[in-house]
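Read off the chains here:
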Number of protein chains: 2
Amino acid sequence: MHKETARLLELDREHSLVMHIGAILGWDQETYMPPKAIEERSSQLALLEGLAHQKAVNPEIGELLAALEAKSDLSEDEKAYVRVVRRDYDRETKLPEAFVTEYAKEASLSQAAWADAKKNNDFAAFKPHLSRMVELNKKRAHYLNPNAKPYDVLLDLFEPGSTQESVAAVFAKMKSYLVEILTRIRERPQIEDKCSGRRVDKHTQERISQYFMKVLGYERDRGRLDVSAHPFTTTLGADDVRITTRYVEDYFPSSLFSTIHESGHALYEMGIDPNPDYRGTKLAEAVSMAVHESQSRLWENIVGRSPAFWERHFPALSALLGEVGEGLDLESFVKSINRVSPSLIRTEADEVTYGLHVIARFELESALFDGSLNVEEVPEAWRAKYRELLGIEAPDDRQGCLQDVHWSMGAFGYFPSYALGNLYGAQFWAALKKEIPDVEARISGGDTSAVLAWLRKNVHVQGSRYTPGELVKKVTGQALDPVWFEKYLREKYSKIYGF
Amino acid sequence: MHKETARLLELDREHSLVMHIGAILGWDQETYMPPKAIEERSSQLALLEGLAHQKAVNPEIGELLAALEAKSDLSEDEKAYVRVVRRDYDRETKLPEAFVTEYAKEASLSQAAWADAKKNNDFAAFKPHLSRMVELNKKRAHYLNPNAKPYDVLLDLFEPGSTQESVAAVFAKMKSYLVEILTRIRERPQIEDKCSGRRVDKHTQERISQYFMKVLGYERDRGRLDVSAHPFTTTLGADDVRITTRYVEDYFPSSLFSTIHESGHALYEMGIDPNPDYRGTKLAEAVSMAVHESQSRLWENIVGRSPAFWERHFPALSALLGEVGEGLDLESFVKSINRVSPSLIRTEADEVTYGLHVIARFELESALFDGSLNVEEVPEAWRAKYRELLGIEAPDDRQGCLQDVHWSMGAFGYFPSYALGNLYGAQFWAALKKEIPDVEARISGGDTSAVLAWLRKNVHVQGSRYTPGELVKKVTGQALDPVWFEKYLREKYSKIYGF
């Protein structure tokens, strides 16, 4: 390793320490913080943000990068490391500090306005903030790359290497088969939901969550499970990856699958280890949002909602449910948790319709940034999109264009990751099955460690060594192709719905 | 307010924010942190310590102080503020950074060695570390004030204005009456402990704790109760003061009184508000360790173990205990929680013998620093001191000179605060009773708010406006006098033991 790399690692680790301290404050804020502490907490977080920014734009980083980029004898890991550090350094230094401060302030006001607007079903109150966030994001994109389309620049922040065109191409294919599969399902008799309405107390739901975290291989000495309004995974340190869930008392699958989902994210974070020398640095970070989502969705849906998984674990679930589980058998449970039904709320959508929710947002975002959609037209455009894609109509904006927090915080370009994650997940799964043909038998035999080991070796340990595009090629032998998700859905849902 | 004061407040608030962030990390470490996170956590804390130090020694503080000290028109609050900022600034700047780093490293090694030595009952293994901590503290004292006795300098860190001589004078009086009261109690029939051995589950103990926090006036929207190995109170922000307890399943008074004790600390922190302009600064900090301890001990013992308090709350306690409380009546409960019995472990000592534990440590510490006691003689000196003061013999060093963590971390001069707290508490209480003669009737009537209001007005809101010596004079009209504690103990225990 070159001495410049060693120094870069030092500077990077300090930045990472500051980010992890911020993550502790954020975790505490969502789980245990008393309500009145919020005022000072935001000052604490602002102080850390300022400190992180200082460390990120340290001119010494620029000098070290220039020195390393001039060398011809970098190792593969050094090359990859220089690439990710360069990417982040350029981003941080290209944004003027005054802009960053203004953005942070506006985003904070916008989020507060959105929360009120959602509560009051009042899009008009949110509209000026949405306009402002679109405008500021166009400005941000211009700072980062004045020669690219603004939406391409934003997409690249979450899914490096992706563009509006590449995402649109992938989503066009996905849309056509999702709509077709959904049509076939709608022609069949609907499955009865046998899980709803069973009152399972929080303590029992927590025991269920803990059981499944353990089954999946989540390391309890390197993390924990807590409760928050919205489930999340957060990395507070290389050996401190925590997840949260929430307990809906009359629908226990909510916490069960949110725990499995977040455990999927956590297993990824716990398994990142491209090279011990790079521990606690940018090389030891997840490659992208979509690849992260591939891990959570793979465990939640492909493994966690599979008949094989429940062949093994349904007795344990029944035992934990006790009396309240009476009348629920393996077959009706597996069918219930795989019920497909178009609905208005993305976060509660099934595997088939979920992608359509994301496409709706992607198409609206693209239009907002290429100028073909004005902010005031968003509510009506939303309704039209849901009619077109899901065949249902949002009765109000609260369940329509005001449902998600992302736009209020300016996270345009983020939504596609959610659906790309399903595509990556299915493609990884197909590659895994080729290598481990008896994986389903193993799962029904109680062994999910083969799945974890495969994901670890192929995806997790890599960290940020490759771009998402390079990674999927390396692991599966081809570029991202939505056909694998199609195959997975057809095979699974033709059995469940009998078409 | 002068513009220099305003700027000083800004710089101070930033320092305080960093300290509070450190407190969040510390709280998390003791309550929820997964075990493997400890390694990175210490790096996170070290980074914050470095940052806090940078902010504390900022030369601009020195310039602002000099400018303010040259003025003749400072307000009373400005004067007090300049005094405390000057004190801390001088301390921080007088210690060379290399010494601070060395000290932190040695203290960390020493604490680890102490934990092992205590576990293995092996004083010899701890001895070199104890020598080192004594030596480093002599060095520290020399840096801070080369013209004073080292132990005086250390005492002043915890109890500003106190000296070995002043503490010794106070303790001499206290020792004589504690020994005498203890002798009288030993001549009387011992009280039966009716609380031990009742198995109260953690959940019930938590509900008991929550009930009494509320009774005392602890603000739940500005703090929380959690579990840790050693109970503590920590301030994470002006509106975020958290306490912890631990649940001993076969001795429920342990968590009950530790919760009341920590609530007493928290009520103090929650009530500090010398002047809104000084919120989040050194003026809005507790005046000293001993005054802090006076608040926790006053609520725990003077209020919390009084017959008046239980006249009102015993029915609620019985209701919460349910079946497990059967056979426990008000009188036997109040007697049980006030049982006096010399024992080896300070933290579990009753009100009468507690001060003797502290005197033992004070006398040993003084001797270590004036050279009349060598480190290798500590175990035997400890045994002799316990024979002399408490009439009992430690069977091993684990229950003897290795029991407390303080010396291993170099906190010499800290112990006296624990007993001075009892003295301050009793003196405050006597003043309170003069102003509110029917305070006991109010307490038995369910109203402790008069006690809180009096403490708020006289002690809490003052923050660091006065030195401890000035405060006690202002509030009680006289200097600290151990006679008030004597009166309190005689009155209470002559009734309980009938002498």
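Keep in mind that what you see is a predicted model, and the values were worked out from it rather than measured. (Residues numbered from 1 in each chain as written. Chains lettered and ligands numbered in written order. Predicted model: local features only at pLDDT ≥ 70, side-chain atom pairs only at ≥ 80, totals over all residues. Heavy atoms only, no water.)

Describing the UniProt feature "active site" (unreviewed entry) in chain A
Residues and elements named next belong to chain A. The positions UniProt marks with the feature "active site" (unreviewed entry) are E262. Its place among the elements puts E262 in helix 10 (residues 253-271). Excluding anything up to four places from it in sequence, E262 contacts P231, F232, T233, I243 and T244. (UniProt positions renumbered as here; feature names shortened; annotations may be inferred. Helix = DSSP H or I, 4+ residues; strand = E, 2+ residues; numbered from the N terminus. Contact = heavy atoms within 4.5 Å.)

Concerning empty space enclosed by the protein
Over the atoms, a rolling probe the size of a water molecule traces out where space has been left empty. Tallied over the entire structure, the rule returns eight cavities of 30 Å³ or more. Approximately 130 Å³ is the volume attributed to the largest cavity. Lining of the largest cavity is provided by 13 residues; of these, D12, A56, I61, V85 and K282 of chain B occupy positions nearest its centre. At the level of secondary structure, the elements contributing two or more residues to the lining of the largest cavity comprise helix 1 (3-31), helix 2 (38-56) and helix 4 (76-94) of chain B. Of the residues forming the lining of the largest cavity, the biggest block, five residues, is contributed by helix 4 of chain B. When its residues are assigned to classes, the lining of the largest cavity shows seven nonpolar, one polar and five charged. Lining of the second largest cavity is provided by L8, L11, D12, H15, K55, A56, I61, V85, D88, Y89, E92 and K282 of chain A. Mapped onto the lining of the second largest cavity, the elements with two or more residues apiece are helix 1 (3-31), helix 2 (38-56) and helix 4 (76-94) of chain A. Split by residue class, the lining of the second largest cavity holds six nonpolar, one polar and five charged. (1 Å grid on protein atoms, 1.4 Å probe; cavity = no way out; pocket = protein on both sides within 12 Å on 5 of 7 lines; lining within 4 Å. Points joined across faces, edges and corners; volume = space filled by probe spheres on them. Nonpolar A, V, L, I, M, F, W, Y, C, P; charged D, E, K, R; others polar.)

Points about the sheet that holds strand 1 (residues 225-227) of chain B
Residue and element names in this part refer to chain B. Taken in spatial order, the three strands line up as 1-3-2 in an open sheet, and their pairing is mixed. Lying at the two open borders of the sheet, with one neighbouring strand each, are strand 1 and strand 2 (233-237). When the angles between neighbouring strand axes are averaged without regard to direction, this sheet yields 35°. In this structure, strand 2 lies alongside strand 3 (residues 240-245), joined through four bridges in antiparallel fashion. Residue pairing in the sheet places T235 in a bridge with V241 of strand 3. (Pairing = 2+ DSSP bridges. Axes fitted to C-alpha atoms, helices over the stretch in contact; angles between N-to-C directions.)

Section: the packing of helix 1 of chain A against helix 3 (residues 59-69) of chain A
All names here are of chain A. With their axes 10 Å apart at the nearest point, helix 1 and helix 3 run at an angle of 150° to one another. Relative to helix 3, the element helix 1 lies roughly antiparallel. The two elements helix 1 and helix 3 meet at a crossing, and its hand is left-handed. Contacts from E4, T5, R7, L8 and L11 of helix 1 reach helix 3 at E60, I61, L64, L65, A67 and L68. (Parallel < 35°, antiparallel > 145°, perpendicular 65-115°, else oblique. Left-handed = near helix turned anticlockwise from the far one by under 90°.)

Some words on helix 12 (residues 307-321) of chain A
Residue and element names in this part refer to chain A. Maximal helix bending in helix 12 amounts to about 55°, located at H313; proline P315 follows within four positions. Within the sequence span of helix 12, burial applies to A308, F309, W310, H313, F314, A316, L317, L320 and L321. Of the residues trailing helix 12, G322 is marked for its positive phi of about 65°. (Bend = angle between axes of the 7 residues up to and from the residue. Buried < 20%, exposed > 50% of the residue type's maximum accessible area, 1.4 Å probe, protein only.)

A closer look at the domain arrangement of chain A
Residues and elements named next belong to chain A. Looking at the assigned domains, one finds that chain A contains domain 1 (3-94) and domain 2 (123-499). Averaged C-alpha coordinates put domain 1 and domain 2 at centres separated by 27 Å. Tallying the contact residues gives 24 residues for domain 1 and 30 residues for domain 2. Of the roughly 2300 Å² buried where domain 1 meets domain 2, counting both sides, 54% is carbon and sulfur surface. Taken as a group, W27, D77 and R91 account for 27% of the area that domain 1 buries against domain 2, more than any other trio of residues on that side. (Domains from an automatic or database assignment. Buried area = accessible area lost by both parts, 1.4 Å probe.)

Digging into the packing of helix 8 (residues 164-186) of chain A against helix 16 (residues 415-435) of chain A
Residue and element names in this part refer to chain A. Close contact between helix 8 and helix 16 brings their axes to 11 Å; oriented N to C, the two are set at 65°. Our classification of the angle between helix 8 and helix 16 gives roughly perpendicular. Here helix 8 runs over helix 16; the crossing is left-handed. Contacts between helix 8 and helix 16 involve V167, V170, F171, M174 and Y177 on the former and, on the latter, P416, A419, L420 and L423. Among the residues forming the contact of helix 8 with helix 16, the class breakdown is nine nonpolar, no polar and no charged.

Quick notes on the sheet that holds strand 2 (residues 233-237) of chain A
Residues and elements named next belong to chain A. Across the sheet, which stays open at both edges, the three strands sit in the order 1-3-2 with mixed pairing between neighbours. Each edge of the open sheet carries a strand with a single partner, namely strand 1 (225-227) and strand 2. On average, each strand axis in the sheet is tilted by 35° relative to the strand beside it, whichever way the strands run.

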